Every structure is written in structure tokens, then in C-alpha cells.
Protein chains: 2
Amino acid sequence: MGRNLKFLIIGGSDAGISAALRARELDPSTAITVVLADGYPNFSICGLPFFLSGETPDWHQLAHRTEFEGIDLLTWHTAMAIDPTKNTVDVVDRENERKRLSYDRLLIATGAVPLIPEIRGIDLPAVYSLHTMDDSFGVQRRLLEASPRSAIIVGAGYIGVEMADALVHRGLQVTLVGRTRSVLATVDPELGDTVGDELRRHKVDVITNVEITAIESSKCLRVSGTNGFEQSADLVLLATGVKAASQLAVQAGISTGQKGAIQVDQSMRTNIPDIYAAGDCVETWHRVLQQYKYLPLGTTSHKQGRVAGENAVGGNRKFAGCVGTQVVKVFDLAAARTGLREQEAKAAGFKPLTVETVAWDHKVYYPGAQEMRIRVTGDIVSGRLLGAQIAGHWRSEVAKRNDIFATALFHGMSVEDFNDLDLSYTPPLSSPWDPVQLAAQAWCRKASSR
Amino acid sequence: MGRNLKFLIIGGSDAGISAALRARELDPSTAITVVLADGYPNFSICGLPFFLSGETPDWHQLAHRTEFEGIDLLTWHTAMAIDPTKNTVDVVDRENERKRLSYDRLLIATGAVPLIPEIRGIDLPAVYSLHTMDDSFGVQRRLLEASPRSAIIVGAGYIGVEMADALVHRGLQVTLVGRTRSVLATVDPELGDTVGDELRRHKVDVITNVEITAIESSKCLRVSGTNGFEQSADLVLLATGVKAASQLAVQAGISTGQKGAIQVDQSMRTNIPDIYAAGDCVETWHRVLQQYKYLPLGTTSHKQGRVAGENAVGGNRKFAGCVGTQVVKVFDLAAARTGLREQEAKAAGFKPLTVETVAWDHKVYYPGAQEMRIRVTGDIVSGRLLGAQIAGHWRSEVAKRNDIFATALFHGMSVEDFNDLDLSYTPPLSSPWDPVQLAAQAWCRKASSR
């Protein structure tokens, strides 16, 4: 190392900044420039719901970091074109002034953009999506200035359920409308229903199996959809997912794959020499599926960015792959998942069996014990652990129990061997067999009785 | 299977009952008899501090289970002698009546007994140890009938610190006396001091570096020790560790090893055919050290018992080994460890480096964030993860974060690869790099800068 490379990064969120930090750490001789379209480098976009709920009063707190020593930050600059033959990138600033930047290594970390469904009236002023800091400022302004009393959230995924929680916290009457038969379609309907119940317990009007088709404005917004859905609200929030922001890459001749996301190898290299890509704009290697999927997540972006940054300065690191881990907190409930669900496993050619166990988070004789639901999915042919899902009180170590499964999945453990893990126990925090192992044992009993 | 075996188990605590349950599950034709010296099958001895604190008001709640269908329980029977040539065990009941039981397979699960230090006056009436249900009834009776206002606890290990918490909860003035330079010698002094601070914050008088040498009785108990220690109290509790209850096995010609614990292979077989042993009476295979150690723990007893039960009825399961995982809650603090500490690693021939990181349990912009201290020990030659310790708020998922390390250790991961794990994140519960990964990264930085 120490070859005075020019490392140019397009995108200043999780992947871009992680790459910059890693490159700086490994090779101080590299000149690192990060081009970002807004003025919020390395902000925690996952934190927007908590800013809008009022729990995080000052948006400045959302910065993962504010110190970028040794990194040249070009804020409010949008990358317009990459020329891979000349190793240059054209950018424009807010005054529309164009500038040409050159690179030895380029990282495309352009992230994702909201997937806007085809809904009539989607451009009305009180209809918002929530993906950038500026989006959140728009919603915040509306909440402060127009004092809306009701909101309809379109989309019942992670952001949708978090925003339902946030707007209830803010005093609004909230309707949450999802297309699938239960909310949070990334977990099984059984656990999704648990999340739905928790939302209803907090007065959220939860509507499933409805696709919104139109929004009309009168005094307030009139929202209609399939199955006869019609309701009015002062505010509509779209939380209908994202797609890879890969247009810039495509124009430069970079290959894309699933859902238009950029194709990379495990070194985070694209098909064009010296150009890397990472984060929400790329396909992600899935370790359990042993194939690429589009699974945009902040955790993955950090890891991929770190790998790209290391390799850009001459390293030889591989992205080991995700295993499909996610968690969300909704009011008092946490719902987590890792690996494959039954349907995903079937589609991938496994012979999955899913067994649900209800277990106490700690010995019930110690005060405050809470039940959690644990669903284990394994392959009945090989006995291999394929996935797990947990729903329980957010103080029940649901997230990090899920991560024990995630770590086991990373190593391809069987469900039976999972019982060999030496996990910690004290009566206020677990049982001699941790609930996750009780769930594994229940799976083994069911599998052997078939 | 299905060979109508007679499976006799000596001991009705964690290992014995786990073996019985596993054998019953796998082979209903086996006749299973459990001989236990008292009347409390499968009670949670780890729960005694919470019974005595009053948090678990009824001792019956401490039973891990009360249903033993298909298992013949011989309570209040003490095993006196094993005859391995005739495959018999002699037992006596409370009336001193002797009975001879025969077996095809025998499991010795006699557990441990308190390690009583040589202290003058240790037999005085107000001096208690705490290992059995009956021990706890004695202490409980004393607390109710004599209303002691002060207690001295001798021994500052897991039970000692938990009992300090418990007796403070009960309104006593507590002095905790330990031999080592910090409490909880199973974690590094840095974290032990954190535990000590938490105890002092709750008015426990914490004394270290003192060995108790004498207890005298006048109106109350006068306790003296090294370094000029002298103090009086109404009650003295000994929490000075345990040793394997292996006498019965020794008399039958069974080999013992470290600290007099029974030698077993990973199938939980002793050196005598058809005799298995498991739990606090045996040496435990340590997966990181790749050698046997005496490490009596309830979690390990459950696992070993399950393996022994499976093998006793014809199975072929191996105990995969412990990795040295433990956790304790003291007031608002949880302290957990897994793997090797620096000194243990050195003694085992590694070249360890230990790096401490202080990290928030979740994004600090979400309310209620708490700092935790994470110490990672790795081998600087191979980069291999050797151990980890965490001290933090007991609601900070300290225990199950520790178990992510435990799972990584089980698989022999390197500290660097630990960053590849796909762990769950949502702002109220973690950060995009979980604190455990931030700690791993800090270790890598330190290791590479050497």
C-alpha cells in the first residue's frame, strides 16, 4: 500500500462512509473523496421514525458520526456520469455547476430510491415518502405546521410499522394499510399477526389485503383501494419499499441483475475494472441460499462498504454474505428473523419444516418473565438449520437471541447441533437451556416423529 | 432400541433428570429409575438467591419441572455403594433401610458439595453454606425467626455477589469478603471492579484481598481474617465454591482427574463399562482449550446429562464441549464471559491480546441508551478469537451478546471474521455494527498496530 491512490466514492451513506473509513484506516496515503447528493453524510436513515415520533428530538443526533478527518466530503454534489474509459466522474452542485473528478478506484454507493406504486393522486402535497433526511424534514414540517390529526400509512413493512408506532406516539390516529394478508410480510403470518395485534393494542387501525389505488384531495386526503377500502386522512405516508439506484451505473456499462441492482462479486467488484459497488444499490450474496438476492439493509451496507474500502486500497477481503437477519421494534414488541422462512426454503429446493415454540425469556420464578414465540425452520433431509424467527417483548433479548441463530446459520449448523452451544444462563436472564435451544429441541422432536 | 434396559441414575438434579428425560424420549422401553438423596427433583439451585431475596416467594416455584411421567423417582434415598461387577447399587432411605438396585446402564450424577474452607468456628449455628434446598430452608428460617440485621458473606464469586444482592433486597446490612483483588474473579479485574462498584452503590460493604480465618460467637458472630479484617454480624454465609461429589465413584474404581472430578470421555462414559457420569461431579471437555477442566455449571450439566441419557439407551452422541460461558446479574448490572481470559489463554500457550471497548447498547439518539464494556481476547499469532467479557446494564442484552461470542468461539472464528456475522439492527436495540463487532474491530486495530 502507500501508493497515493485516488479513491472516489459516490454516496455518503452507510456503504460509502464505511468504505472511506476502512480505506483511510488501512492506507493513509490514499486520497479519499466522497460525493454526496445532500448535506447529511452518514446519517442514520433507520432513525427517521424516531425523529418523527419525537423520541429523538434533534435530527442532528441521527448522524452516525460527524468527524471525517482525512476524507474529502463533497456535499450537495450529484454524480451525473461515469466515464470508465477515462476514469472520471462528472458531478454537478446545487448551482448546476459541472465538475469532472478523476479516480484510480471508484465505489458506487448510490443506495436505493423509494419504490413508488402506481397510485392516482400520489403527487398531492400531503402525500410523503420517507427515505432521505429531506423527506423527513417535509413530514416534520407538515406535522408541526398543519397539525394533522390522522394519517394513512401505505405499506406495512418495517418502515410502515415503525412509522405507525411513531405517529401514534405523536398523537395521530393512524391507519396502516398493507397488501399482504398480515403485516410485516418478512416474517411468517403467525408472527406478523402478533405484530398486528400489538399495533391494534395501541389503537392503530390495521388493514391487510388491500392495495391502494387512488388518493384524492378535498378538505383532507381521500384514499381508496381494493376490497372496497375508502378512508380519509390529513396525511398519507408511503412506505412501499425501495429499489436500487443503479441508473448511473447502467449508463456506464455496469451489469445489473435482480430487481435492477448492480451485480458484484464477493470482493464488491463490478464487471468494470477499478469500479466497486456496495450497499443498497447492489445485489447481496446470501450465504444460506448461496446465490445473489436484492436485500437492501444498513447492516449489510456497512459490511459491504468495509470490504470495498479494503479492496480498493489493495486488500483482498471477501464479503462473507448475509443470512437474512432483520429486527424491528413496534411498541413493546420486537420481531426478528434470520435465514430462510418456510416458503423461501421451499423455493430454494430445501425440504423445510417449521416448528413454533412458546418459551419464557427467563425462569418464570424470577419476576417479570415474558413469553416469546420462536419459529425454527430446518431441512428435514439434512437436519440443517435454515432459519428462525422470534417475536417477544423488546426487553426479552429477542434481537440478540435471533443473532445466536444468525451466527449458527453463518456456520451451517444443524438444528440438533445447535443444542451443543454453550449459552449463558442466570435465572433472571434465561433458563439452563436457552429458549432458542428449547425451540431447536422442539424442532428435532417434530422432525424425528415424522 | 426397544431393548427393555434398566437405566439407573444416581442424582436427581440437572444432569440426572436431563439424562432421564432424554432416555425416555428416545426409548420408551427403558425402565428409568432416579435415586435422589433429597425430595427435590430437578430444582433450580441457581434460583436459591432469588428465593432468599423474597423475589421468588414460594420455593416450590424453583422446580424446573414437576412432571416426571415414565420415570421412577426414588426420593430421600442415598446411594451408598456401586458394585460394577454385579451391576448393582446399594441405597438407604431415611429410616436407614438398605435396598439393592440393579442396572444395565448406570449414570452417576451426584453433583458437587460445598468446598468448606478451613475457618475456625465454621460449625457455629448462624454460619450457613448454600448448596441444597435444605440449606436454603435453614437460611430462610434464620432470616424469618432471628431477624438478623447484618450478614457477612464469605466468597465473592457468582453465588456470593448474588447473595449480597439478595440480602440487601431483604433489608440486611451486607459485608462481602473475597480473597482476590476484585470481586467475581471469573472476569477480569477491570470488570470485577465494575461489579464491585455496583455492589457498593447498593450499600454493600465490599472487602477484597481478605481470607477469613476465624468466626467466634458472642452476642453475634465475630469474623476475623487476614489483613487485619475483623467484623461482627448476625449471620455468616459461606459461598466459597464447590468440589465434585465423586467419593461413591472412586470407591467403585472409577478414575478421577482434575480436582477429584470423575474422568469421562465425550460420550460421558467413565472407565468402567456401562457406567456414565455427568454434571457437577465430572471433568468437562473445554472446546477452546481442547482439554478437560473442572467447570461445574447448570448449563453444562443439562447438556452432559442429555448426551449421557442418549448414549445410555444406545445412542452415539458426543458432548461437544463447553467454551466457558457464564453470566450473573447483580442489581442493575449483568456481567458475562465466555472463552478464555488473558491469563487463561497465556497459560494454555496462546499469545493473547485483550482490548476493551466501551459502546452504547443501541443508537444513542434513541432514549435509554446505556454504555457497556466489552473485553475481547484474541490470539495475536493466529488472529483467533479466544474469549470475551461484557459488563453492562442487565437490560442491554449483555447475556445474549455474550452468546454471540460463545457461538463464534464454538466455531473457532477469528476476531476479524467475527465482523462478517449478519447481526440484527434497529436503532432502539443495536447499531449497524453491533457493539460486539465494534469491540472486535477495536481488537483488530490494536492487533495490527503492534
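Residues numbered from 1 in each chain as written. Chains lettered and ligands numbered in written order. Predicted model: local features only at pLDDT ≥ 70, side-chain atom pairs only at ≥ 80, totals over all residues.

J.: Which residues make up the environment of A:Ile390, and what are the values?
T.: All names here are of chain A. Examined against the element boundaries, Ile390 turns out to sit in strand E25 (residues 385–393). Judged by C-beta crowding, with 30 C-beta atoms within 10 Å, Ile390 ranks as buried. Separated by 145 residues in sequence, Ile390 and Ala245 place their C-alpha atoms 32 Å apart. Ignoring anything within four residues of it in the chain, the contact list for Ile390 reads Ala336, Met372, Arg373, Ile374, Val398, Arg401 and Asn402. (Helix = DSSP H or I, 4+ residues; strand = E, 2+ residues; numbered from the N terminus. Buried ≥ 20, exposed ≤ 12 C-beta atoms within 10 Å, placed from the backbone. Contact = placed C-beta atoms within 7 Å.)

J.: Give me the lowdown on the environment of B:Thr226, citing residues and values where you can.
T.: Residue and element names in this part refer to chain B. Secondary-structure assignment places Thr226 in the loop between strand E14 (221–225) and strand E15 (230–233). Thr226 sits in the exposed class, given 11 other C-beta atoms within 10 Å. For the pair Thr226 and Ile212, spaced 14 residues apart in sequence, the C-alpha to C-alpha distance is 6.4 Å. Among all residues touching Thr226, those that are not within four sequence positions of it are Val210, Glu211 and Thr213.

J.: Talk me through the relation of the copies chain B and chain A; I want residue IDs and the actual numbers.
T.: Look at the two chain copies: a rotation about an axis and a shift along it is all it takes to match them. Note on the identical chains: chain B maps onto chain A by a rotation of 180° and an axial translation of 0.0 Å, with an RMSD of 0.0 Å. In the structure described here, the two chain copies are related by an operation that fits a two-fold rotation axis. The share of interface residues of chain B whose copies in chain A are also at the interface is 100%, consistent with both copies meeting through the same surface. (Least-squares fit on C-alpha atoms with pLDDT ≥ 70 in both.)

J.: I'd like a description of the pairing of E25(A), backed by residues and values.
T.: All names here are of chain A. Of all nine residues in E25, eight are buried; the element is thus mostly enclosed. Where strand E22 (residues 333–339) lies against E25, seven bridges are found, and the strand directions are antiparallel. Within E25, the residue paired with Ala335 across the bridge is Ala391. The hairpin formed by strand E24 (residues 371–379) and E25 contains five residues between the paired strands, and Gly383 there has a positive phi angle of roughly 80°. (Pairing = 2+ DSSP bridges.)

J.: Go over the domain arrangement of chain A with me, naming the residues and quoting the values.
T.: Size of an interface: often given as the accessible area lost when the parts come together. Residues and elements named next belong to chain A. What the domain assignment reports for chain A is domain 1 (6–113 + 243–312), domain 2 (127–240) and domain 3 (326–448). Tallying the contact residues gives four residues for domain 1 and seven residues for domain 3. Class assignment for the residues of the side of domain 1 that touches domain 3 results in three nonpolar, no polar and one charged. (Domains from an automatic or database assignment. Nonpolar A, V, L, I, M, F, W, Y, C, P; charged D, E, K, R; others polar.)

J.: Explain the sheet that holds strand E14 (residues 221–225) of chain A to me, and be specific about the residues and the numbers.
T.: Residue and element names in this part refer to chain A. Within the open sheet, the three strands sit side by side as E13-E14-E15. Their pairing is antiparallel. What marks the edges here is a single partner per strand, and that holds for strand E13 (212–217) and strand E15 (230–233). Within this sheet the neighbouring strands show an average axis-to-axis angle of 20°, counted without direction. As paired elements, E13 and E14 share five bridges and run antiparallel to each other. When the sheet's bridge partners are listed, Glu216 is paired in E14 with Arg222. (Axes fitted to C-alpha atoms, helices over the stretch in contact; angles between N-to-C directions.)

J.: Give me the interface of chain B and chain A: which residues, what numbers.
T.: Taken together, the contact pairs 54 residues of chain B with 54 residues of chain A. Those elements giving two or more residues to the side of chain B that touches chain A turn out to be helix H7 (298–312), strand E21 (326–330), strand E22 (333–339) and helix H9 (398–410) of chain B. Classifying every residue of the side of chain B that touches chain A gives 27 nonpolar, 15 polar and 12 charged.

J.: Explain the nonpolar core to me, using residue names and the numbers behind them.
T.: By size, the foremost hydrophobic cluster in this structure holds 188 residues, and its most contacted members are A:Ile153, A:Val236, A:Leu237, B:Ile153, B:Val236 and B:Leu237. Beyond its immediate chain neighbours, meaning those up to four positions away, B:Leu237 contacts B:Tyr128, B:Leu130, B:Ala151, B:Ile153, B:Val154 and B:Met163. (Core = buried A, V, L, I, M, F, W, Y, C linked by C-beta atoms within 7 Å.)

J.: Tell me about the environment of B:Met268, and please be specific about residues and values.
T.: Residues and elements named next belong to chain B. Topologically, Met268 is positioned in the loop between helix H6 (247–251) and strand E18 (275–277). In this structure Met268 comes out as buried when scored by C-beta crowding, with 32 C-beta atoms within 10 Å. Residues Met268 and Gly47, spaced 221 residues apart in sequence, show a C-alpha to C-alpha distance of 27 Å. If we skip the residues at most four places from it in the chain, Met268 touches Tyr276, Ala277, Ala278, Gln304, Val307, Ala308, Asn311 and Phe319.

J.: Tell me about helix H1 (residues 14–26) of chain B, residues and numbers included.
T.: Residues and elements named next belong to chain B. When the terminal C-alpha atoms of H1 are compared, their 18 Å separation across 13 residues agrees well with the 18 Å that a helix rising 1.5 Å per residue should span. Among the 13 residues in H1, 10 count as buried, and that is most of the element. Where H1 is concerned, the buried positions are Asp14, Ala15, Gly16, Ile17, Ser18, Ala19, Ala20, Leu21, Arg22 and Ala23. In this structure, the buried side of H1 is in contact with strand E1 (6–10), strand E2 (31–35), strand E3 (71–74), strand E7 (105–108) and H7. (Expected span 1.5 Å × (residues − 1).)

J.: Outline the sheet that holds E14(B), listing residues and values.
T.: Residues and elements named next belong to chain B. Spatially, three strands are ordered E13-E14-E15 in an open sheet, and the strand pairing comes out antiparallel. Edge strands, defined here as strands with exactly one partner in the open sheet, are strand E13 (212–217) and E15. Averaged over all adjacent pairs, the angle separating strand axes in this sheet is 20°, with direction ignored.

J.: So what about the packing of helix H9 (residues 398–410) of chain A against H9(B)? Which residues, and what values?
T.: Where H9(A) contacts H9(B), the axes come no closer than 8 Å and their chain directions differ by 10°. Taken together, the axis directions place H9(A) and H9(B) in an arrangement best described as roughly parallel. From H9(A), A:Lys400, A:Arg401, A:Asp403, A:Ile404, A:Thr407 and A:Ala408 reach across to H9(B), where they touch B:Lys400, B:Arg401, B:Asp403, B:Ile404, B:Thr407 and B:Ala408. Residues belonging to the contact of H9(A) with H9(B) are distributed by class as follows: four nonpolar, two polar and six charged. (Parallel < 35°, antiparallel > 145°, perpendicular 65-115°, else oblique.)

J.: An account of unusual backbone geometry is needed here, citing residue identities and associated values.
T.: All names here are of chain B. The phi angle at Asn209 is positive, at roughly 60°, despite the residue not being glycine. When you line up the elements, Asn209 lands in the loop between strand E12 (205–207) and E13. Asn209 sits in the partly exposed class, given 14 other C-beta atoms within 10 Å. Of note in this structure, Met268 is not a glycine but carries a positive phi near 70°.

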